[in-house]
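Here is what each chain is made of, one letter per residue.
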Amino acid sequence: TPVSSVYLQIESDLKEAIELLSSSYPTSGRYRVNKSVALSLLSRVYLYQEKWIDAESAASTVIGNNADYSLVPLSGITLPGNKEAIWQIYNFNNNSNTSEGEHFYGASSTMSTILSYFSLRDEFVGNEEFPGVFEVGDLRKTDWIRTNRKNFPMSYKYRSYTSTATTN
């Protein structure tokens, strides 16, 4: 099937979903789709096709919905139900990491010590000679990058860290 035909079908499906879905989330949290989720996906489909005006229009509709969406403090953007999230994946694991994530972050995981080479690279977080991708004072680095028990920099953006994690 030609790519253009596939995109037309995706657009058609998303437009139908937008008509059929409710504007509100059907359950507590932002785990099930609503009209804004479908509209956001449609905006992305437009971007892939370089339909800039359509993409901007669809995205602006979601962004303009100030009743449901707004910016939140940096420390809150990964929390469930925050107003900056359009669609989130429900954590069935009682706020624990996925089984894959436990290999890298689990306090009891021996894999986190064995596989410490999965830490963030100096080119990203920086070191004495290289500043990394974060500008001085960038709160994303101080809020989201922690050192693990082997003193390797790790991403803590999507995790609740404990007192055993130190600020990098």
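The model shown is predicted, which means the values in this text are computed figures rather than measured ones.

Caption draft 1: Broad picture of the overall build of the protein. A count of helices and strands for the protein gives seven helices and three strands. Starting at the N terminus and ending at the C terminus, the protein contains elements arranged as α-α-α-α-α-α-α-β-β-β. Taking all 168 residues of the protein together, the buried fraction comes to 27%. A fraction of 44% describes how many contacts in the protein between residues 6 or more apart in sequence connect residues 24 or more apart. Roughly 11,600 Å² of accessible area belongs to the protein as shown, and the carbon and sulfur atoms make up 56% of that amount.

Caption draft 2: Summary view of the pattern of salt bridges. In total, this model carries one salt bridge according to the counting rule given. Salt-bridge contacts for Glu11 lead to Lys51; the nearest nitrogen and oxygen are separated by 2.8 Å. Separated by 40 residues along the polypeptide, Glu11 in helix α1 (residues 3–20) and Lys51 in the loop between α2 (35–48) and α3 (52–63) bring together distant segments of the chain. You can call Lys51 partly exposed: its relative accessible area is 28%.

Caption draft 3: Structural context of the nonpolar core. In this structure, Leu14, Ile18, Leu39 and Leu42 are the most contacted members of the largest nonpolar core, which totals 13 residues. Looking at this core, the elements with two or more residues in it are α1, α2 and α3. Here this core takes six residues from α2, the largest share from any one element. Ignoring sequence-local partners within four residues, the contact set of Ile18 consists of Lys35, Ala38, Leu39 and Leu42.

Caption draft 4: Expanded view of α1. Along its 18 residues, α1 runs 26 Å from first to last C-alpha, staying within 8% of the 26 Å computed at 1.5 Å per residue. Regarding α1, the residues found buried are Glu11, Leu14 and Ile18. Seen along its axis, α1 keeps its buried residues to an arc of 70°; they face one direction. Turned more than 90 degrees off the buried face of α1, the exposed positions are Leu8, Glu19 and Leu20. The elements touched by buried residues of α1 are α2.

Caption draft 5: Fine view of the side chain of Gln88. Turning to its location among the elements, Gln88 is positioned in the loop between α3 and α4 (99–105). On the basis of relative accessibility, which here comes to 12%, the residue Gln88 falls in the buried class. Of note is the side chain of Gln88, whose polar atom sits 2.7 Å from the backbone nitrogen of Gly81. Those residues within four positions of Gln88 in sequence are excluded, and the remaining contacts are Arg30, Tyr31, Leu79, Pro80, Gly81 and Asn82.

Caption draft 6: Spatial organisation of the packing of α2 against α3. For the pair α2 and α3, the least separation of the axes is 8 Å and the interaxial angle reads 160°. Viewed along their axes, α2 and α3 adopt a mutual orientation that is roughly antiparallel. Our pair here, α2 against α3, has a crossing hand that is left-handed. On α3, the residues touching Ser36, Leu39, Ser40, Ser43, Tyr46 and Leu47 of α2 are Trp52, Asp54, Ala55, Ala58, Ala59, Thr61 and Val62. Its residues assigned to classes, the contact of α2 with α3 comprises eight nonpolar, four polar and one charged.

What counts, and at which threshold
Residues numbered from 1 in each chain as written. Predicted model: local features only at pLDDT ≥ 70, side-chain atom pairs only at ≥ 80, totals over all residues. Heavy atoms only, no water. Helix = DSSP H or I, 4+ residues; strand = E, 2+ residues; numbered from the N terminus. Buried < 20%, exposed > 50% of the residue type's maximum accessible area, 1.4 Å probe, protein only. Contact = heavy atoms within 4.5 Å. Areas by Shrake-Rupley, 256 points an atom, 1.4 Å probe, with all protein chains shown as cover. Salt bridge = Lys/Arg side-chain N within 4 Å of Asp/Glu carboxyl O. Core = buried A, V, L, I, M, F, W, Y, C linked by side-chain atoms within 4.5 Å. Expected span 1.5 Å × (residues − 1). Arc of directions from axis to C-beta. Polar contact = N/O pair within 3.5 Å; in protein donor to acceptor, adjacent residues only side chain to side chain. Axes fitted to C-alpha atoms, helices over the stretch in contact; angles between N-to-C directions. Parallel < 35°, antiparallel > 145°, perpendicular 65-115°, else oblique. Left-handed = near helix turned anticlockwise from the far one by under 90°. Nonpolar A, V, L, I, M, F, W, Y, C, P; charged D, E, K, R; others polar.

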